[in-house]
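As a plain string of letters, each chain reads:
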Amino acid sequence: MLQIDLISIFPDYLTPLNLSLLGKAQERSLIKIAIHDLRDQTKDVHHSVDDTPYGGGAGMVMSPEPWGKAIDAITNEKDQVDLIILTPAGKRFNQQMAMEFSKKSHLIFACGRYEGIDARVGQYYAGKNNFKVHEVSIGDYVLGGGEVAAMVIIEASTRLIPGVLGNPESLKEESHSISSDDLILVEYPNYTKPANWRGIDVPEVLLSGNHGQIAKWRLEQAERRTNQLKQE
Ligand code: 5OB
């Protein structure tokens with residue numbers, strides 16, 4: 001069973017994690033997702049979680065202590081933990097990382113806002129022998145916070161856990177489409193009934209019943225699409 005904890009100042013923003021595939025995976029006890037409000041770890045009247053940056057500059061930085069308290073509250077020394085800190089300055093998330101995360105026992109997602117989390121949080125937990133800290137980005141664009149990034153990582157990772165997907169055949173096909181350098185060979189185009197839609201025919205080879213020819217055509221199409229994407 002994979003335990004997933006998320007810490008955020010907008011816990012409601014993460015409620016889609018209880019829907020659909022992940023909701024079912026929780027009902028089947030394949031994973032357990034818990035969402036925590038960072039502000040529960042503050043005592044001042046304003047429940048403040050941020051402060052001005054040392055050294056000056058625009059924006060605010062998230063204070064370390066609420067994060068420390070929140071993480072300590074959901075872990076113990078015997079627990080092997082992978083702490084994932086979402087930041088645009090992190091390592092770019094990919095399918096290889098999804099595969100690694102899918103095999104872990106306890107993932108904690110620190111969803112920061114503002115200009116980021118005090119750097120000592122990652123440093124402190126990286127120094128603990130039962131923690132592994134990962135700073136992860138989902139791509140080169142700006143987000144308001146780490147919540148959506150965490151959901152992307154959780155969706156990509158949990159669907160690789162045996163039993164989470166209804167049809168494991170689709171996982172098998174996918175694994176063939178991942179090449180050695182982790183780049184995914186883009187899928188071939190898909191068609192279903194009707195054979196003619198608004199004047200457009202389904203490619204004839206797909207109606208031929210010749211499985212060798214079909215496999216060859218699909219590979220050609222996938223390679224053509226992949227090369228086209230590289231040129232853009
Ligand atoms: N942009 N990945 C790309 C991200 C990001 C912003 C984040 C977190 C992960 O938080 C502001």
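A.B. asks: Give a detailed account of helix 5 (residues 147-158), specifying residues and quantitative values.
C.D. replies: With 12 residues, helix 5 should cover 16 Å at 1.5 Å per step; its first-to-last C-alpha distance of 16 Å lies within 8% of that length. Most of helix 5 sits out of view: 9 of its 12 residues are buried. Turning to helix 5, its buried residues are Glu147, Ala149, Ala150, Met151, Ile153, Ile154, Ala156, Ser157 and Thr158.

A.B. asks: Quick rundown of the site of the ligand? Include the residues and the values.
C.D. replies: By nearness alone, every residue bordering the ligand is listed as Leu86, Thr87, Pro88, Ser137, Ile138, Gly139, Tyr141, Leu143, Gly145, Gly146 and Ala149. Within the contact set of the ligand, a nitrogen atom lies 3.4 Å away from a side-chain nitrogen or oxygen of serine 137. The contact in question runs from a nitrogen atom of the ligand to an N or O atom on the backbone of tyrosine 141, over 2.9 Å. When the free accessible area of the ligand is taken as 290 Å², the share hidden by the protein chains comes to 94%. Of the residues assigned to the shell around the ligand, the class counts are 6 nonpolar, 5 polar and no charged.

A.B. asks: Mind laying out the pattern of salt bridges, listing which residues take part and the relevant values?
C.D. replies: Tallying each qualifying case throughout the model produces 6 salt bridges. Lysine 104 is paired through a salt bridge with aspartate 82; the nearest N and O atoms lie 3.3 Å apart. Taken as a pair, lysine 104 in the loop between helix 3 (95-102) and strand 6 (106-110) and aspartate 82 in strand 5 (residues 81-92) lie far apart in primary sequence, 22 residues in all. What makes lysine 104 partly exposed here is its relative accessible area of 24%. Judged by relative accessible area, aspartate 82 falls into the buried class, the value being 7%.

Rules used throughout
- Residues numbered from 1 in each chain as written.
- Predicted model: local features only at pLDDT ≥ 70, side-chain atom pairs only at ≥ 80, totals over all residues.
- Heavy atoms only, no water.
- Helix = DSSP H or I, 4+ residues; strand = E, 2+ residues; numbered from the N terminus.
- Expected span 1.5 Å × (residues − 1).
- Buried < 20%, exposed > 50% of the residue type's maximum accessible area, 1.4 Å probe, protein only.
- Near = heavy atom within 4 Å.
- Polar contact = N/O pair within 3.5 Å; in protein donor to acceptor, adjacent residues only side chain to side chain.
- Areas by Shrake-Rupley, 256 points an atom, 1.4 Å probe, with all protein chains shown as cover.
- Nonpolar A, V, L, I, M, F, W, Y, C, P; charged D, E, K, R; others polar.
- Salt bridge = Lys/Arg side-chain N within 4 Å of Asp/Glu carboxyl O.

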